[in-house]
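# Descriptive structure summary
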Amino acid sequence: MAIIIDPIADMFVRIKNAIARKYHEVNVPYSQKKIKILEIFKREGYISEIEQFNNPKNNNFKEIKITLKYKGINQNQSAISGIKRVSKPGLKVYSSSENLPRVLSGYGTAIISTSKGLLTDKEARKANVGGEVVAFVW
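Structure report, in brief. (Residues numbered from 1 in each chain as written. Predicted model: local features only at pLDDT ≥ 70, side-chain atom pairs only at ≥ 80, totals over all residues. Heavy atoms only, no water.)

### With respect to helix 1 (residues 7-20)
Heads up, the condition is: Numbering of helices and strands starts at the N terminus; helices are DSSP runs of H or I of at least 4 residues and strands are runs of E of at least 2. Here a helix's expected span is defined as the number of its residues, less one, multiplied by 1.5 Å.
Compared with an ideal rise of 1.5 Å per residue, which puts 14 residues at 20 Å, helix 1 spans 20 Å between its outermost C-alpha atoms and is within 8% of the ideal. Phi turns positive one or two residues past the end of helix 1, at Lys22, with a value near 60°.

See the structure below:
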């Protein structure tokens, strides 16, 4: 088993790969921070469902099943066009409440880790808090 240095980036890569293969579900290892990020994705309309379950091969490990959302005439266009990890373990990126990033002029979503928890850029602006810029999704 490989050691994952950045579990959030690993989750994003798994989602991108599943979208490229047109899969409707993808499993990722469980963590509370991933759940919070995925709840934002669901609230913003990028994914359909999040489900926690125990790994059938090893009950000691939990996993998260993500049901991806597709749209368009034939349900073949993903709701997620792109995901970008901004803050990395080696380089944290912070932003004040006045300088929070706008993704695609407001069409995308920035996920900000604040003192009030994980928030979207819009929610952080409304609450007037800054923090670590975790990721962009559009």
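Here the narrative resumes.
### What about the pattern of salt bridges?
Formally: For salt bridges, the criterion is a side-chain nitrogen of Lys or Arg within 4 Å of an Asp or Glu carboxyl oxygen.
A full pass over the atoms with the stated rule returns 9 salt bridges. When the shortest N-O distance is used, the salt bridge between Lys92 and Glu132 registers 3.7 Å. Of this pair, Lys92 sits in the loop between strand 6 (83-85) and strand 7 (94-95) while Glu132 sits in strand 10 (residues 131-137); the two residues are 40 residues apart in sequence, bridging distant segments of the chain. The salt bridge involving Asp121 is made with Lys122; its shortest N-O contact spans 3.9 Å.

### Structural notes on the environment of Leu68
Note the cut-off: Any two residues whose heavy atoms approach within 4.5 Å are treated as being in contact.
Examined against the element boundaries, Leu68 turns out to sit in strand 3 (residues 62-68). Along the primary structure Leu68 and Asp121 are separated by 53 residues, whereas in three dimensions their C-alpha atoms are 22 Å apart. Apart from the residues lying within four places of it in its own chain, the contact partners of Leu68 are Ile15, Ala18, Ile19, Tyr23, His24, Ile47 and Ser48.

### Some points on the packing of helix 1 against helix 2 (residues 32-43)
Inclusion rule: The axes used here are C-alpha line fits, helices contributing only the stretch in contact, and every angle between their N-to-C directions lies in the interval 0 to 180 degrees. Oblique is the label for any angle not under 35 degrees, not over 145, and not in the 65 to 115 range, which are roughly parallel, roughly antiparallel and roughly perpendicular in turn. Rotating anticlockwise by less than a right angle from the far helix to the near helix defines a left-handed crossing, while the corresponding clockwise rotation defines a right-handed one. Throughout this entry, Asp, Glu, Lys and Arg are counted as charged residues, while Ala, Val, Leu, Ile, Met, Phe, Trp, Tyr, Cys and Pro are counted as nonpolar. The remaining residues, Gly among them, count as polar.
Relative orientation of the contacting elements helix 1 and helix 2 amounts to 45°, with a least axis distance of 10 Å. By the angle between their axes, helix 1 is oblique relative to helix 2. For the element pair helix 1 and helix 2, the recorded crossing hand is right-handed. Two secondary-structure elements touch here, helix 1 through Pro7, Ile8, Met11, Phe12 and Ile15 and helix 2 through Lys33, Lys34, Ile37, Leu38 and Phe41. Residues belonging to the contact of helix 1 with helix 2 are distributed by class as follows: 8 nonpolar, no polar and 2 charged.

### Regarding the nonpolar core
We count it as follows: We define the nonpolar core as a collection of buried residues of types Ala, Val, Leu, Ile, Met, Phe, Trp, Tyr and Cys that are connected through side-chain atoms lying within 4.5 Å of one another. Relative accessibility under 20% of the residue-type maximum defines a buried residue, over 50% an exposed one, and the middle range a partly exposed one, all with a 1.4 Å probe and only protein chains included.
Counting residues in each nonpolar core, the largest one holds 26 residues, and the members touching the most others are Ile15, Ile37, Phe41, Ile66 and Ile80. Residue assignment for this core shows that the elements contributing at least two residues are helix 1, strand 1 (25-29), helix 2, strand 3 and strand 10. Per element, the largest residue contribution to this core is 6 residues, and it comes from helix 1.

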